[in-house]
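The chain contents come next:
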Amino acid sequence: GIAALVVGLLLAGLGGWVVAGQALRPITLHGRRFSADAAHELRTPITVLHMELESAMANAAPGSETQRLCSRLIEALARIRSVIDKLLLLSQADAGRLPLQPMAFALSEALLEAADDARILAPGIEVETAVAQGVVVEADPHLLPQLLQNLLGNAVRHNRPGGQVRVGLERQEDHVQLTVSNTGPGIPAAELPRLFARFHRIDASRSRTGGGAGLGLSLAREIAHAHGGTLTLVASDASWTTFRLRLPFRGARGRPWARRGNDAR
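Rules of the game
- In every chain, residue numbers begin from 1 and rise along the written sequence.
- This being a predicted model, a pLDDT of at least 70 is required before a residue's local features are given, and a value of 80 or more before pairs of side-chain atoms are given or counted; all residues contribute to the totals for chains, interfaces and linings.
- Each side-chain value is derived from all of the structure's non-hydrogen atoms; neither hydrogens nor water enter the calculation.
- Here's how the labels work: a residue is buried when its accessible area is under 20% of the maximum for its type, exposed when over 50%, partly exposed in between, all with a 1.4 Å probe on protein chains only.
- By definition, any uninterrupted DSSP run of H or I lasting at least four residues is a helix, any uninterrupted run of E lasting at least two residues is a strand, and each is numbered from the N terminus.
- We call two residues contacting when some pair of their heavy atoms lies within 4.5 Å.
- Note on pairing: DSSP must find at least two bridges between two strands before they are called paired.
- Remark: nonpolar core denotes a set of buried residues (Ala, Val, Leu, Ile, Met, Phe, Trp, Tyr, Cys) joined through side-chain atoms within 4.5 Å.
- Between rings of Phe, Tyr and Trp, where Trp is taken as its six-membered ring, a pair exists when centres lie within 6.5 Å; planes separated by under 30 degrees are stacked, by over 60 edge-to-face, and by other angles tilted.
- Any Lys or Arg side-chain nitrogen located within 4 Å of an Asp or Glu carboxyl oxygen qualifies as a salt bridge.

Draft legend 1. Spotlight on helix 6 (residues 216-226). Three or more residues of helix 6 are buried, namely Gly 216, Leu 217, Ser 218, Leu 219, Ala 220, Ile 223 and Ala 224. On the buried face of helix 6, the contacting elements are helix 3 (65-94), helix 5 (143-157), strand 6 (230-236) and strand 7 (240-248).

So this is what it looks like as structure tokens:
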């Protein structure tokens, strides 16, 4: 019944926090293995719970409290699953085994799509783009979009009502440079040393919609490093906060991946 599903969800959540607590400890080979194994073990019960909740919601009376409860629990499971997936990737990054399947990746198009998603997420925020056309890099088509979504998502969440987001992409001699800027209160100086630390959440008062688990920026930087690039905070003050991503222009095998005929310079 619903009560059993609630208990199962609480146990899954507790397991997630156990994994999180282990991940906070000093990194060792044993610790990495524990985090990865525990995260894998949590995936199966969470999938089962998700299926059971969907079945219960489908069988419940439309608009009933049971249906609303199932919907809230499914959303909670999605958040737990997201944390587990991030922990798995971070464990792989710690071990130097972040799974990359590099291929020609249309960065310009992916960035414009991420900007469109940001507009949908926060229709009250003005999103401006200055994106060079036709820029293609060699990248993993599953991991790099996560990095882009993280940067755009942060720019929307940590903004002021009616604020702005500016997204830029340009080609330089041996790399491409992507910038994401947003208006807002800025990041306090005391937060800067731990900005990319795992599970570190900046003061929730900066966020329009609440924070996540504090893993997004850490994972984004690991994804950038795995692609031979860098992710840095350029500046943050009372007016604007700007992050910069730099990625190699040429692929790992030395191939130029730009469609030169369509580039906006």
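Draft legend 2. Broad picture of the pairing of strand 3 (residues 136-139). Here strand 3 shows a buried face lined by Val 136 and Glu 138 and a second buried face lined by Val 137 and Ala 139. Pairing of strand 1 (residues 103-106) with strand 3 involves 4 bridges; the strand directions are antiparallel. Among the inter-strand pairings, Ala 104 is bridged to a residue of strand 3, identified as Glu 138.

Draft legend 3. Fine view of the side chain of Gln 164. Within the secondary structure, Gln 164 sits in strand 4 (residues 164-171). Ignoring any residue separated from it by four or fewer positions in sequence, one finds Gln 164 in contact with Ile 125, Glu 126, Glu 128, Asn 159, Ser 181, Asn 182, Thr 183 and Trp 240.

Draft legend 4. Looking closely at the environment of Leu 111. Relative to the helices and strands, Leu 111 resides in helix 4 (residues 107-121). Owing to a relative accessible area of 0%, Leu 111 belongs among the buried residues under this scheme. Taking C-alpha positions, Leu 111 is 8.7 Å from Gln 149, a pair spaced 38 residues apart along the chain.

Draft legend 5. Expanded view of the pairing of strand 4. Of all 8 residues in strand 4, 6 are buried; the element is thus mostly enclosed. Across 6 bridges, the pairing between strand 2 (residues 126-131) and strand 4 is parallel. Paired with Val 131 across the two strands is Leu 169, which belongs to strand 4. Two strands pair when backbone bridges link them, and strand 4 and strand 5 (residues 175-183) are joined in this way by 7 bridges, in the antiparallel orientation. If you follow Arg 166 over to strand 5, its bridge partner there is Ser 181. A loop of 3 residues connects strand 4 with strand 5, the two strands running antiparallel in sequence.

Draft legend 6. View of the nonpolar core. Within the largest apolar cluster, 48 residues are counted, with the highest numbers of intra-cluster contacts made by Leu 107 and Leu 178. Of all the elements, helix 5 adds the most residues to this core, at 8 residues. In contact with Leu 107, other than residues within four places in its own chain, are Val 135, Val 136, Val 137, Leu 144, Leu 148, Leu 169, Val 176 and Leu 178. Leu 49, Ile 74, Leu 77 and Leu 88 belong to the second largest nonpolar core, which has 11 residues in total.

Draft legend 7. Highlighting the packing of aromatic side chains. Using the criterion set out here, one finds 1 aromatic pair in the structure. Their ring planes at 90 degrees and their centres at 6.3 Å tell us that Phe 196 and Phe 243 sit as a pair that is edge-to-face. Taken together, the positions of Phe 196 in the loop between strand 5 and helix 6 and Phe 243 in strand 7 put the pair 47 residues apart, joining distant regions of the chain. Each member of the pair, Phe 196 together with Phe 243, is buried.

Draft legend 8. Representation of the pattern of salt bridges. By the definition in use, this model includes 4 salt bridges. Note that Arg 72 and Glu 65 form a salt bridge whose closest N and O atoms lie 3.2 Å from each other. Arg 72 sits in the partly exposed class, given a relative accessible area of 44%. A residue is classified by how much of its surface remains accessible, and Glu 65, at 45% relative accessible area, is partly exposed. With a closest N to O distance of 2.7 Å, Arg 119 and Asp 116 form a salt bridge. Here the residue Arg 119 and the residue Asp 116 both occupy positions in helix 4, the gap between them amounting to 3 residues, near one helical turn. The partly exposed category is assigned to Asp 116, whose relative accessible area is 41%. When salt bridges with common partners are traced through the structure, they connect Glu 65, Arg 68 and Arg 72 into a single cluster.

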